[in-house]
Amino acid sequence: MKRLITIFLLILMVLALSTNIIFAEGDIPQPQAQPGLTGQTAQPQPKLDTGDTAWMIVATALVMLMTVPGLALFYGGLAKRKDVLNTIAMSFVAYCLASFLWIAYGYSLAFSGDIGGIIGQFNKAFLSEVKIDSLQGTIPEVLFSIFQLTFAAITVALISGAYIERMKFSAWVLFTILWMSLVYVPIAHWVWGGGFLAKMGALDFAGGTVVHINAGVAALVGVLILGKRKNTLLVPNNLTLVAIGAAILWFGWFGFNAGSAAASNGLAAQAFINTNTATAVAALAWMFTEWAVTKKPTVLGLASGMIAGLVAITPAAGFVNIIGSIIIGALAGFICYFSVTAMKPKLGYDDALDVFGIHGVAGIIGAILTGVFADPAINEAGKGLLYGNPEQLWTQTIAVVVTIVYTAIMTALIFLVIRIFMKIRVTEEEEIIGLDSSQHSERAYNL
């Protein structure tokens with residue numbers, strides 16, 4: 001296992017370094033002006049704005065906070081007592097691996113140039129062309145690169161919630177490397193880096209397709225291949241951790257969505273209030289739906305509704321007005337409740353922490369509805385069905401379908417490749433003992 005990972009990273013390093021040797025300075029194809037997350041191209045000869053830079057540093061730290069500790073605590077609290085540390089470790093190592101791989105080649109392939117609308121170039125591998133005074137819009141390019149790094153990290157970490165309590169930690173490490181390289185990076189380029197979906201006019205302000213549909217579909221495909229756990233009952237070991245993790249995610253999400261304006265301006269403020277409003281409405285929608293069905297509102301339901309609202313508003317945050325955010329939030333909370341409580345049991349797949357039921361489904365809802373509610377008065381880059389542009393709804397649908405199909409196929413292939421080199425599932429005995437002991441020789445609670 002160690003040799004395999006080492007060889008893989010060495011090959012990537014050689015490729016990156018060879019690119020710098022092959023292309024002398026000045027001969028490297030210069031990337032075209034790329035669309036930012038708002039869909040607007042960078043202005044000629046941009047100047048550094050200290051206010052924008054300060055905000056983006058804060059936003060980047062907020063998004064990092066979403067993965068560790070936010071997602072780690074949220075998932076850790078939901079897992080069984082004997083699997084808490086393994087669940088947390090999956091988020092931790094995903095962030096660490098993404099931090100290195102993004103700098104090594106991920107940023108360059110996603111955001112440097114464009115080859116046929118499919119992938120970028122290697123000329124910024126290890127940030128070799130990113131100088132201290134290089135700008136992306138009005139902020140330092142190195143800051144833009146690490147902001148994007150935090151998105152890559154949380155996308156991979158999100159998937160882990162579906163695979164917990166049955167996947168070998170070594171297999172998860174290899175999956176993280178391959179999936180980020182072969183799935184996340186290309187899709188990020190297609191949507192945000194000047195790829196073919198961006199050229200089609202697909203709108204994704206902060207990650208409906210790139211992050212949430214991507215992660216949700218990978219989660220569903222993975223659990224179908226992994227198979228069910230011996231005990232599929234979800235009884236959170238610590239709802240207090242779940243609530244704290246969910247609150248951290250909500251807090252960090254303001255960096256996720258408002259930060260995607262890449263500036264400290266009115267658009268960032270609009271994304272901020274849209275995010276808060278949709279999240280609150282979705283939590284209430286889930287709570288009241290659950291209350292009507294089961295006669296009891298639960299804390300877990302409130303937390304789940306919050307996440308559904310955060311996910312659904314993500315692609316739309318910088319494109320819709322406040323009414324649009326309310327409708328998106330309400331639909332996300334209501335629909336995702338039934339995707340988790342009715343659809344999953346009926347179809348019989350074991351998505352442990354409902355990654356597909358919440359992130360996948362809410363991501364699809366948000367991406368499609370962006371094509372309906374995008375208001376040019378909020379952001380001139382987006383004009384939806386209700387504002388005289390029905391073609392945007394079709395474009396959004398195409399982007400969703402392309403993401404689903406590509407992610408599903410590539411995730412399945414990645415699992416097949418991993419199976420060649422190692423076992424993916426722990427043994428039945430290891431699963432019964434718990435992955436904290438079998439994978440890490442540790443226990444979360446020594447009481």
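Everything below is about the structure shown above.
Keep in mind that what you see is a predicted model, and the values were worked out from it rather than measured. (Residues numbered from 1 in each chain as written. Predicted model: local features only at pLDDT ≥ 70, side-chain atom pairs only at ≥ 80, totals over all residues. Heavy atoms only, no water.)

Undergrad: Teacher, can you tell me more about the packing of helix α5 (residues 169-192) against helix α7 (residues 208-226) here?
TA: Between two packed helices, the angle of one axis relative to the other and the distance separating the axes together describe the packing. Two elements in contact, α5 and α7, have axes whose closest approach is 10 Å; the angle formed by their N-to-C orientations is 145 degrees. Seen along the crossing, α5 lies across α7 with a hand that is right-handed. Along the contact surface, α5 presents W179, V183, Y184, I187, A188, V191 and W192, while α7 presents T209, V210, V211, N214, A215 and A218. Of the residues that constitute the contact of α5 with α7, the class distribution is 11 nonpolar, two polar and no charged. (Axes fitted to C-alpha atoms, helices over the stretch in contact; angles between N-to-C directions. Helix = DSSP H or I, 4+ residues; strand = E, 2+ residues; numbered from the N terminus. Left-handed = near helix turned anticlockwise from the far one by under 90°. Contact = heavy atoms within 4.5 Å. Nonpolar A, V, L, I, M, F, W, Y, C, P; charged D, E, K, R; others polar.)

Undergrad: What is the right way to read a nonpolar patch on the surface from this model?
TA: A cluster of nonpolar residues, I273, V293, I322, I323, I326, I327, L331, F334, I335 and F338, forms a patch on the protein surface that exposes about 780 Å² of accessible area. Looking at the nonpolar patch, the elements that each hand over two or more residues are α9 (266-294) and α11 (322-347). Inspection of the secondary structure assignment puts F334 in helix α11. (Patch = residues over 30% accessible without salt bridge, like charges linked within 9 Å, V, L, I, M, F, W, Y side chains within 5 Å. Areas by Shrake-Rupley, 256 points an atom, 1.4 Å probe, with all protein chains shown as cover. Salt bridge = Lys/Arg side-chain N within 4 Å of Asp/Glu carboxyl O.)

Undergrad: So what exactly am I meant to see when it comes to the environment of T407 here?
TA: By the element assignment, T407 lies in helix α13 (residues 390-421). Along the backbone, T407 and G333 are 74 residues apart, and their C-alpha atoms lie at a distance of 25 Å. Among all residues touching T407, those that are not within four sequence positions of it are W179, V183, I187, N214, V217 and A218.

Undergrad: Looking at this structure, how should I read α5?
TA: Note on helix geometry: an α-helix contains 3.6 residues per turn, so any two residues three or four positions apart are oriented the same way. At M180, α5 shows its maximal kink, close to 40 degrees. Of all 24 residues making up α5, 21 are buried, and the element is well covered by its neighbours. Count one or two residues on from α5 and you reach G194, which has phi positive near 90 degrees. (Bend = angle between axes of the 7 residues up to and from the residue. Buried < 20%, exposed > 50% of the residue type's maximum accessible area, 1.4 Å probe, protein only.)

Undergrad: Even after reading the chapter, I still don't get the pattern of salt bridges, so can you show me in this structure?
TA: A side chain of one charge can pair with a side chain of the opposite charge when the charged atoms of the two come close. In total, this model carries eight salt bridges according to the counting rule given. Of the charged contacts in the structure, one is a salt bridge between D350 and R166, with a shortest N-O distance of 3.5 Å. Residue D350 is found in the loop between α11 and α12 (355-373), and its partner R166 is found in the loop between α4 (141-163) and α5; the two are separated by 184 residues along the sequence. On the basis of relative accessible area, D350 is assigned to the buried category, the value being 6%.

Undergrad: Would you mind showing me how to read the nonpolar core here?
TA: Side chains of nonpolar character tend, in soluble globular proteins, to be buried together. Core analysis: the largest hydrophobic core is formed by 126 residues, its most contacted members being W102, Y163, W172, F175 and Y184. Here the element with the most residues in this core is α5; it accounts for 17 residues. Among all residues touching Y184, those that are not within four sequence positions of it are W102, Q148, F151, A152, T155, W179, W192, V210 and N214. One finds I213, V217, V221 and V400 within the second-largest nonpolar core, a separate group that totals five residues. (Core = buried A, V, L, I, M, F, W, Y, C linked by side-chain atoms within 4.5 Å.)

Undergrad: I keep staring at the packing of aromatic side chains and nothing clicks. Help me out?
TA: Given two aromatic rings, their pairing is described by the distance between the two centres and the angle made by the two planes. Under the definition given, this model contains 27 aromatic pairs. Between Y163 and F175, the ring centres sit 5.6 Å apart and the planes meet at 80 degrees, which makes this aromatic pair edge-to-face. Separated by 12 residues along the polypeptide, Y163 in helix α4 and F175 in helix α5 bring together distant segments of the chain. You'll find Y163 and F175 in the same group, each marked buried. Judged by centre distance (5.6 Å) and plane angle (85 degrees), the rings of F205 and F319 are edge-to-face. Of this pair, F205 sits in the loop between α6 (196-200) and α7 while F319 sits in the loop between α10 (299-313) and α11, placing them 114 residues apart in sequence. Across the pair, exposure class does not vary: F205 and F319 are buried alike. Feature note: the residues W102, Y107, F111, F144 and Y184 constitute an aromatic cluster, connected by ring pairs. (Phe/Tyr/Trp six-rings, centres within 6.5 Å; stacked < 30°, edge-to-face > 60°.)

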